[in-house]
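# Architecture at a glance
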Amino acid sequence: MEIGIDKIGFYTPEVFIDMEKLAEARGVEPAKYTIGIGQEKMAVAPLSQDAVSMAANAALEVLDDEDKEAIDFVLLGTESGVDHSKSGAVWVHHLAGIQKYARSVELKQACYSATAAITMAMGHISLHPDRKVLVLGTDIAKYGLNTGGEPTQGAGAVAIVLSANPRILALDADSVSMSEDISDFWRPLHSDYALVDGKFSNQAYLNFLTDVWGEYKQRTHRDLSDFEALCFHVPYTKMGKKALKALTEQASEEDTARLMGYYEPSISYNKAVGNIYTGSLYLSLLSLLEQGPELPENARIGLFSYGSGAVGEFFSGKVKPGYKSHMMKEAHESLLSNRRELTIEEYEAILQQSLPKDGTDVALDFEETSTGSVVLKGVQDNIRQYGIK
Ligand code: COA
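Each chain carries its own residue numbering, running from 1 in the written order of its sequence. Residues qualify for local features only when their pLDDT is at least 70, as the model is predicted, and side-chain atom pairs are given and counted only at 80 or more; totals for whole chains, interfaces and linings, by contrast, use all residues. Excluding hydrogens and water, the side-chain values take into account all heavy atoms of the structure.

## As for the overall build of the protein
Cut-off, in case you're wondering: For helices the rule is a DSSP run of H or I covering at least 4 residues; for strands it is a run of E covering at least 2, with both sets numbered from the N terminus onward. Atoms counted for the radius of gyration: C-alpha only. Globule rule: 2.2 Å times the number of residues to the power 0.38. Partly exposed residues are those whose accessible area sits between 20% and 50% of the maximum for their type, while under 20% is buried and over 50% is exposed, using a 1.4 Å probe and protein chains only. Residues count as neighbours in contact if any of their non-hydrogen atoms are within 4.5 Å of one another. A positive count includes Lys and Arg, and a negative count includes Asp and Glu. His and the chain ends are not counted in either. The atom standing in for a charge is NZ when the residue is Lys, CZ when it is Arg, CG when it is Asp and CD when it is Glu.
When you go through the protein residue by residue, the secondary structure sums to 13 helices and 18 strands. Taken over C-alpha atoms, the radius of gyration comes to 20 Å for the protein, in line with the 21 Å a tight globule of 389 residues would show. The 389 residues of the protein split such that 59% are buried. Look at the contacts in the protein between residues 6 or more apart in sequence, and 74% of them connect residues 24 or more apart. Taking the average place of the 36 positive charges on the side chains of the protein and the average place of its 55 negative ones, the gap between the two points comes to 1 Å.

## With respect to the nonpolar core
To keep it simple, the criterion reads: Joining through side-chain atoms within 4.5 Å is the link that ties buried Ala, Val, Leu, Ile, Met, Phe, Trp, Tyr and Cys residues into a set, and such a set is a nonpolar core. All domain edges in this entry derive from an automatic or database-based domain assignment.
Counting residues in each nonpolar core, the largest one holds 50 residues, and the members touching the most others are Val-135 and Ile-301. Of the residues that make up this core, three or more belong to each of domain 1 (3–170 + 327–388) and domain 2 (171–323).

## Some thoughts on the sheet that holds strand E2 (residues 15–18)
Test applied: Here a strand pair is declared whenever DSSP counts at least two bridges between the two strands. Axis lines are fitted through C-alpha atoms, for helices just across the contact stretch, and the angle between N-to-C directions can take any value from 0 to 180 degrees.
If you walk across this open sheet you meet the 3 strands as E3-E2-E15, and the pairing is mixed. For this open sheet the edge positions go to strand E3 (41–44) and strand E15 (340–341), each flanked by a neighbour on one side alone. Summarising the sheet, E2 and E3 pair through 4 bridges and their orientation is antiparallel. Paired with Val-15 across the two strands is Val-44, which belongs to E3. Strand contacts of helix H1 (residues 19–26): E2, E3 and E15, with the helix running at about 60° to E2, the strand carrying the most contacts.

## Observations concerning the site of the ligand
In plain terms, the rule: Neighbouring residues are identified by heavy atoms, a residue being near a molecule or strand if any of them is within 4 Å of it. Polar contact is defined as a pair of N or O atoms within 3.5 Å, subject to the rule that within protein one atom must be able to donate a hydrogen and the other to accept it, and that residues adjacent in sequence are counted only when both atoms are side-chain atoms. Each residue is assigned to one class: nonpolar for Ala, Val, Leu, Ile, Met, Phe, Trp, Tyr, Cys and Pro, charged for Asp, Glu, Lys and Arg, and polar for all the others, Gly among them.
Inspection of the region around the ligand gives 19 residues, with Lys-32, Gly-148, Ser-201, Lys-238 and Lys-242 positioned closest. At 2.8 Å, a side-chain N or O of Lys-32 approaches an oxygen atom of the ligand. Contact between the ligand and Ser-201: a nitrogen atom at 2.8 Å from a side-chain N or O atom of the residue. At the level of secondary structure, the elements contributing two or more residues to the shell around the ligand comprise helix H2 (30–37), helix H7 (198–220) and helix H8 (237–248). In terms of residue class, the shell around the ligand is made up of 6 nonpolar, 8 polar and 5 charged.

## A short note on the packing of helix H11 (residues 280–291) against helix H12 (residues 329–337)
The condition is simple: Crossing handedness is defined as follows: a turn of the near helix away from the far one that is anticlockwise and smaller than a right angle gives a left-handed crossing, while the clockwise case is right-handed.
Where H11 meets H12, the axes come as close as 10 Å, and the angle between the chain directions of the two elements is 115°. Once H11 is placed against H12, the crossing between them reads as left-handed. Mapping the contact onto sequence places Leu-286, Glu-290 and Gln-291 in H11 and Lys-329, His-332 and Glu-333 in H12. Here the residues of the contact of H11 with H12 are counted per class, giving 1 nonpolar, 2 polar and 3 charged.

Take a look at the structure:
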């Protein structure tokens, strides 16, 4: 029985900044951000869009009534959780209108956790082939103003419906993962901003990639020639290029040309959104499937997931014939093109806003979000109030 991705959608807040203008404001050569880092635009989350509301918006885009009846497991991966106890998945389960006899859980391991959720979903569906699982990767990447990580921020969520006999990507069940206790990126409980050892995190990412890929090759007897395309965790798009270069260092010209040929379509959305942590790999997959040419029937895609701290995994899947007709390309293009550009001053003001930390009630302004979207309306008696605008 095949198990995999039946639907995939995404949401990003409706305001962004231009990376060249951020570079000018920081006194940096614009080419450093657009070429050296590889980012064109960066999504900014107003206070009324948090990890829960963004995930609910991504879920509502893809779910129909049949999905809402068949889903009995909601797994939300995030490192921007909004409560130490209650999982964001419970709110999304409610906001998306999923039938009540379901499990809802939040998972955390930096940018990796949505991949663990997918593995759990595959196990669940193999035991219960008539059920579906909703996996969410949702985050606000925030390093702070005037920091090294500032040009690699972003915000957004990806929603994935997994099922038996999937219509988009049938996943192989032979992934290889690894864990190692390192401190390349983390966010202490007291901080709204992530801390990072940037150069070390780049190196750790590449070390994990080459290690799990080597082990994957040995276990599966597959090589680069078995893959039509590769997708990577993309904290910023240049990282995807570094990953591709690392894997193709000793590859044939033919393999290198084919795999490099898919790089641009696979980063098109990431370039316009920025880092969305847990969802970044899946935003890259979505970008490849929607913005790339139609992949040959049963073409295999390799995927590398990395979450600092650190866990990495290499896994793969085969595209299903006719997958293009199940994508939502126009909706995603219009979501990106209908956003409003913020001035750098507006962005700086938004980035420094936070909800009251002393439990005071607050009502939020949510004018930046379009009608019909889920928003965080405010906090009352220490309880977050979500609703549809
Ligand atoms: N034109 C073109 N490229 C330029 C440039 C210019 N004018 N100026 C610099 N660059 C290039 C550099 O050569 C470098 O390229 P390389 O990585 O291929 O060597 C790139 O731009 C970045 O420059 P660098 O000086 O290394 O930037 P930095 O010290 O500001 O740090 C990060 C960059 C990504 C490490 C930093 O933004 C960060 O810490 N981000 C968060 C962590 C992260 O995302 N980690 C990823 C793994 S999970």
